[in-house]
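# Fold and contact review
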Amino acid sequence: MIVRPHRKHTVFVLLFSLRGSIVPIIWPRVVYTMLLSVGVVMAEHHGVAVGFTLNAAPLTLLGLTLAIFLGFRNNVAYQRWWEGRVLWGDLLISTRNLGRQVSSFLPTLAKTKSQDLVYGLIAYAHALRHHLRGTESAEDVTRWLPADVVGSVLAAPNRPLAVLGFVGREYAERARDAGTHPMLLAQMDTQINLLSHVMGGCERIQKTPIPFAYILLLHRTVHIYCFMLPFCLIGPLGWFTPVAVGVLAYTFFGLDAIGEEIEDPFDLRPNGLPLDAMCRTVEIDLRSSLGEHGIPGPLEPRDYVLS
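To start, this report covers the structure provided alongside it. Please read all numbers here as calculations on a predicted model, not as lab measurements. (Residues numbered from 1 in each chain as written. Predicted model: local features only at pLDDT ≥ 70, side-chain atom pairs only at ≥ 80, totals over all residues. Heavy atoms only, no water.)

A few words now on the nonpolar core. Formed by 49 residues in total, the largest nonpolar core has its most connected members in W88, L91 and Y171. Contributing elements (two or more residues each) for this core: α3 (56-105), α4 (111-133), α5 (138-144), α6 (147-155), α7 (159-177), α8 (182-207) and α11 (275-289). For this core, the element with the highest residue contribution is α4, accounting for eleven residues. In this view, Y171 contacts L98, G99, V102, L117, L121, L185, M188 and I192; residues no more than four positions away in its chain are not counted. Grouped together as the second largest cluster of nonpolar side chains are 19 residues, V30, L70, C232 and A257 included. (Core = buried A, V, L, I, M, F, W, Y, C linked by side-chain atoms within 4.5 Å. Buried < 20%, exposed > 50% of the residue type's maximum accessible area, 1.4 Å probe, protein only. Helix = DSSP H or I, 4+ residues; strand = E, 2+ residues; numbered from the N terminus. Contact = heavy atoms within 4.5 Å.)

Bringing the pattern of salt bridges into the picture now. Under the counting rule described, the total for this entry stands at 13 salt bridges. R73 serves as the salt-bridge partner of D256, at 2.9 Å between the closest nitrogen and oxygen. With a gap of 183 residues between them, D256 in helix α10 (residues 241-262) and R73 in helix α3 connect regions that are remote in the sequence. For the residue pair D256 and R73, the accessibility class agrees, reading buried in each case. (Salt bridge = Lys/Arg side-chain N within 4 Å of Asp/Glu carboxyl O.)

Between its first and last C-alpha atoms α7 spans 27 Å; for 19 residues at 1.5 Å apiece the expected length is 27 Å, and the two agree. Residues of α7 that are buried include every one of R159, P160, V163, L164, F166, V167, E170, Y171, A172, R174 and A175, and no others. A distance of 3.2 Å separates the backbone nitrogen of L161 from a side-chain oxygen at the start of α7, and that oxygen is part of N158. Just downstream of α7 lies G179, where phi reads positive at about 70°. (Expected span 1.5 Å × (residues − 1). Polar contact = N/O pair within 3.5 Å; in protein donor to acceptor, adjacent residues only side chain to side chain.)

Turning next to the packing of α6 against α7. Helix packing for two helices is described by the angle between their axes and how far apart those axes are. The interhelical angle for the contact between α6 and α7, taken along N-to-C directions, is 145°, at an axis separation of 8 Å. Here α6 and α7 pass one another in a crossing that is right-handed. Residues V149, V153 and L154 of α6 lie in contact with α7, whose contacting residues are R159, A162, V163 and F166. (Axes fitted to C-alpha atoms, helices over the stretch in contact; angles between N-to-C directions. Left-handed = near helix turned anticlockwise from the far one by under 90°.)

So, on to a nonpolar patch on the surface. Residues L237, F240, V243 and V247 make up a contiguous nonpolar surface patch of about 340 Å² in total accessible area. Looking at the secondary structure, you find L237 in helix α9 (residues 212-237). (Patch = residues over 30% accessible without salt bridge, like charges linked within 9 Å, V, L, I, M, F, W, Y side chains within 5 Å. Areas by Shrake-Rupley, 256 points an atom, 1.4 Å probe, with all protein chains shown as cover.)

Let us look at the side chain of R133. Topologically, R133 is positioned in helix α4. Overall, R133 belongs to the buried group, its relative accessible area being 14%. At 3.1 Å, the side chain of R133 and the side chain of D276 are in polar contact. For R133, the contacting residues outside a window of four places in its chain are Q206, F266, D267, L268, L273, P274, L275, D276 and S307.

Our next topic: the packing of aromatic side chains. The tally for this structure, following the rule as stated, stands at six aromatic pairs. Geometrically, the ring pair formed by F69 and Y214 is edge-to-face, given 6.3 Å between the ring centres and 65° between the ring planes. Taken together, the positions of F69 in helix α3 and Y214 in helix α9 put the pair 145 residues apart, joining distant regions of the chain. Residue F69 is classed as partly exposed on the basis of its relative accessible area of 29%. In this structure Y214 comes out as partly exposed when scored by relative accessible area, which is 22%. On the numbers, 5.0 Å between centres and 75° between planes, the contact of Y119 with W144 is edge-to-face. (Phe/Tyr/Trp six-rings, centres within 6.5 Å; stacked < 30°, edge-to-face > 60°.)

So this is what it looks like as C-alpha cells:
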C-alpha cells in the first residue's frame, strides 16, 4: 500500500511523483497514442488524412459511455479492496480478544501453554497471508507452531484452516482443563468462528474476480476511444492535438489500470493491502499480552510502499 504523509502532498509531489503513480504501468500506451496523434497531424498537414477526420459527436457519445463504465468498474474494485481491509481489521480485533482472554479466562495456565495458544494465532495470520498471496508459508508456520503440529499443518491443502483447527482444539482443551465456565468458552469459540469467517471472506474476494467479459469490453473500448481521439481533435486543435490526446489517454488508461491494480487487494502490487505490516501488528499485540520483551517494532514503508 502506498503511504505518503499528507503534510508532504505538495504540488510538486502530486504532479511529478512516480512512486504510487499509475504512470509506470500505462506510459507505453500513452506514448503510443501521442505518437499516433503526431502521425495524424503530420498526415493532415500534408493533405493525406483530411478525409478521415471526425467531428466531436462520436468522441462525446463514446466518452460519456466509457466514463460510466470506468466509474462502475472502479467502484466495484474499490469495494473489493475495502472489504478486504475490513476483514483483516476483524482479524486484528479477534486475535487481540483471544489474546486477552487467555490471561483473563485462563489465569492459571502454564506459560508454555499460554504461548502455544497465542503463537497459534500469530501463525494463523501469517498462514492466511501466504495463502491469499500464493507464497510459501512453511517458514512462518514452523516458527510459531509447536513441533508436533507443524507436520500436519504443512501437509494440509489449506494451511490457515489447519492452523485454526489446532487453535480451536487448544482453546477448548485448555479451557476444559482449567474448569472455565461454558459461557466463557462460548465467547472464545465465537472469536475463533470470526477468524474462520475472515478467511472465507478473503477467499471469496480472491477467487471471484470481476467477470472477464466485462473487463475485456471495457479495455477494448478504452483503446478504441484513445485511437479515435486524434481524428476528432485535429480539426479544432491542430498541432496541439498530441498534447490533448496525451492528457485524455493518461486519464482513461489510468482509470482502467487503477481498477485492475486494486481488484485483488491481497497481491504484492504497491497498491495492495499491507498484509506483512498487519501480521507484524498481530505479533506485537499478542506477544505484548504475554508480557514478552524484545518484540520487533512495526514495519515501516520502504520508498513509500508498506507491504
